[in-house]
Each structure stands twice: as C-alpha cells, then as structure tokens.
Amino acid sequence: MNEVQLIRNQLALERAHASAVANACATALQADGGTAAGSDSLAPFRRACVDYLACVLAWFEERDQRLADLLQARFGAGRSREALARLEAACADHPASNVRDRQQRWREFAEYFNGVWSTRRDALDALLAANSRPTDWRTLGGIDADSILEERRRYALVVAQAPPDGPLGAAADRP
C-alpha cells in the first residue's frame with residue numbers, strides 16, 4: 001500500500017468513525033426518553049461522543065481550509081465549521097430547554113451530518129481521487145502517527161462508554 005492509500009484509508013476510517021459516533025449518540029439520546037437516571041447514565045457516553053466529534057470535525061475543518069488553499073476555490077454548503085456549530089447547539093443546555101428540544105437538536109445535527117456534510121465529503125473525495133501526488137495528500141490530510149493514535153484513543157473512549165445494547169456497544173469494531 002502506498003502513502004496516498006494509507007492517508008485515504010485513515011481519512012475514510014475517521015469519517016466512518018465520526019458517522020458511527022454521531023448516529024450512536026443521537027440514537028442513544030433519542031431512546032433515553034429524558035428520565036433523570038437515563039440522562040445521568042448517558043452523560044459519560046455523551047461527553048465522549050462530543051469530545052470525539054469536536055476533535056475530528058475540527059480536523060476536517062482544517063483539511064477544508066487546506067483544500068481551499070490548494071484549489072483556490074471554496075465549496076458551498078456542508079462545511080465542517082457548520083457541523084461543529086450544529087454540534088455545539090446540540091450540546092447547549094438552555095435553562096428553558098426540555099428533553100424534546102435537546103433530542104430535536106441532536107436529530108438536526110445527525111441529519112446535517114448524514115446529509116449535507118456527508119454529501120460534501122463525497123464530492124471532495126471524488127475530486128481528490130484522481131490526485132495521486134503524495135505531497136498534496138500529506139498537506140491536505142494533516143495525518144501523522146500522533147493524529148492516528150489520538151483518533152483511535154478518542155474512538156476507543158466512545159466505544160468504552162457506549163450503552164452495551166447500542167450500535168457502538170459490544171459488537172462494535174474496535175480499533
């Protein structure tokens with residue numbers, strides 16, 4: 001496997017993990033029902049999900065910026081910055097907020113992540129697929145051994161905190 005393939009594989013793994021985490025968190029919080037005990041029991045899982053997503057989406061936003069610099073053009077909707085803003089909104093605890101409001105914000109985040117954000121990622125992947133210059137991939141990816149280990153560590157924390165009956169529970173593929 002050459003260097004470009006290694007970088008692309010890591011980007012694909014990060015994207016798959018981010019998708020699994022976003023969907024598992026939204027699903028768990030939807031199923032929670034908002035009881036005080038249920039909410040408390042999911043707090044470590046939610047915190048691990050948010051930490052993971054904030055980190056990985058920030059990396060994707062940095063890649064978006066580097067790609068824009070390389071291409072001298074910007075894509076439209078679906079920026080990782082918007083996904084981060086929606087994640088922040090989903091996490092916000094407003095005093096007047098009720099369980100339905102929180103569930104709705106998480107649902108909106110998951111819909112954006114799975115729709116507009118993923119569509120943009122697909123378009124970027126297709127655009128870059130023809131580019132086989134390792135220097136461009138190194139610049140764009142910003143991936144090194146430390147970032148790979150950090151992503152795996154954060155994902156393992158999410159999996160460890162996941163409800164056992166959820167999509168990241170006992171059957172999850174572990175890094």
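Here, every reference points to the structure presented above.
Residues numbered from 1 in each chain as written. Predicted model: local features only at pLDDT ≥ 70, side-chain atom pairs only at ≥ 80, totals over all residues. Heavy atoms only, no water.

Caption draft 1: Spotlight on the overall build of the chain. Regarding its fold elements, the chain presents six helices and zero strands. When the helices and strands of the chain are placed in sequence order, the string is α-α-α-α-α-α. Here the chain holds 175 residues, and the buried ones make up 40% of them. Sequence-distant contacts, at least 24 apart, represent 75% of the contacts inside the chain between residues at least 6 apart. Surface accessibility of the chain: about 9,200 Å² in total, with carbon and sulfur atoms responsible for 54%. (Helix = DSSP H or I, 4+ residues; strand = E, 2+ residues; numbered from the N terminus. Buried < 20%, exposed > 50% of the residue type's maximum accessible area, 1.4 Å probe, protein only. Contact = heavy atoms within 4.5 Å. Areas by Shrake-Rupley, 256 points an atom, 1.4 Å probe, with all protein chains shown as cover.)

Caption draft 2: Local environment of the state of the cysteines. This structure, assessed with the given rule, holds zero disulfides. In this structure Cys91 is not part of a disulfide, and its nearest cysteine sulfur, from Cys25, lies 7.3 Å away. (Disulfide = S-S within 2.5 Å.)

Caption draft 3: Spatial organisation of the packing of aromatic side chains. Using the criterion set out here, one finds five aromatic pairs in the structure. A ring pair is formed by Phe113 and Trp117, whose centres lie 4.5 Å apart and whose planes are at 15 degrees; its orientation type is stacked. Pair noted here: Phe113 and Trp117 are both in helix α4 (residues 99-129), with a separation of four residues, about one helical turn. An aromatic cluster of three or more residues is present, and its members are Phe60, Trp106, Phe109, Phe113 and Trp117. Stacked on the ring of Phe60, the Lys or Arg Arg63 has its end atom at 4.9 Å from the ring centre. (Phe/Tyr/Trp six-rings, centres within 6.5 Å; stacked < 30°, edge-to-face > 60°. Lys NZ or Arg CZ within 6 Å of the ring centre and 35° of its normal.)

Caption draft 4: Quick peek at the side chain of Gln10. With respect to the secondary-structure elements, Gln10 resides in helix α1 (residues 3-32). Beyond its immediate stretch of four places on either side in the chain, Gln10 contacts Ile143, Ile148, Glu151 and Arg152.

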